[in-house]
Amino acid sequence: MEEKEKNDMERTQSLFSKHGKAEFFVLLILGIVVGVIVKENISSRVTMGYEDYMIEKNVQSYDYAKMTKEVVEKAKAEEKEAAANGGGESQGTMNGAACGA
């Protein structure tokens, strides 16, 4: 059994030494060609690094600090209103809703 495995390993090594280098170079050249094609097709759509300073800066649509401040102020106003109306009782039922009926 060990002899068969040894023969198989020797055969595999000899095949690699004969054909492996050629296959490696074919794959290397194929990889380079595919890489160049992909780079050429994508380069107009993707900007990386050295051209970043040329990109027009967009104004952010939302000011999160301002939105947070508004939400906090609204919550405080609702708390004060609830405290003034009865100290935190429920605000009643929605229109058309029946409570306990």
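Right, let's walk through the structure included here. Keep in mind that this is a model prediction, so the values were computed, not measured. (Residues numbered from 1 in each chain as written. Predicted model: local features only at pLDDT ≥ 70, side-chain atom pairs only at ≥ 80, totals over all residues. Heavy atoms only, no water.)

Section: the overall build of the protein
Quick note on the threshold: Secondary structure elements are defined from DSSP: runs of H or I of at least 4 residues count as helices, runs of E of at least 2 residues count as strands, and each element is numbered from the N terminus. Buried means the residue's accessible area, taken with a 1.4 Å probe over protein chains only, is under 20% of the maximum for its type, while exposed means over 50%, and partly exposed covers the values in between. Each accessible area is a Shrake-Rupley result for a 1.4 Å probe, and residues are judged covered by the shown protein chains and nothing else.
Of regular secondary structure, the protein possesses two helices and zero strands. In the protein, which comprises 101 residues, the proportion classed as buried is 1%. By element, 58% of the accessible surface of the protein is carried by carbon and sulfur atoms, the whole surface being about 10,400 Å².

Observations regarding the packing of aromatic side chains
The following threshold applies: Each aromatic pair joins two rings of Phe, Tyr and Trp (for Trp, the six-membered one) with centres within 6.5 Å, and gets the label stacked for planes under 30 degrees apart, edge-to-face for over 60, and tilted for any other angle.
Taken as a whole, this structure holds one aromatic pair when the rule is applied. Here the aromatic rings of Phe 24 and Phe 25 are separated by 5.6 Å at their centres, their planes lie at 70°, and the arrangement is edge-to-face.

Concerning helix H2 (residues 64–86)
Keep this limit in mind: Here a helix's expected span is defined as the number of its residues, less one, multiplied by 1.5 Å.
A rise of 1.5 Å per residue sets the reference length of H2, with its 23 residues, at 33 Å; its end C-alpha atoms lie 33 Å apart and thus fit the reference within 8%. Across the 23 residues that make up H2, only a small minority, zero, are buried.

Worth remembering: the numbers are spatial, not functional.
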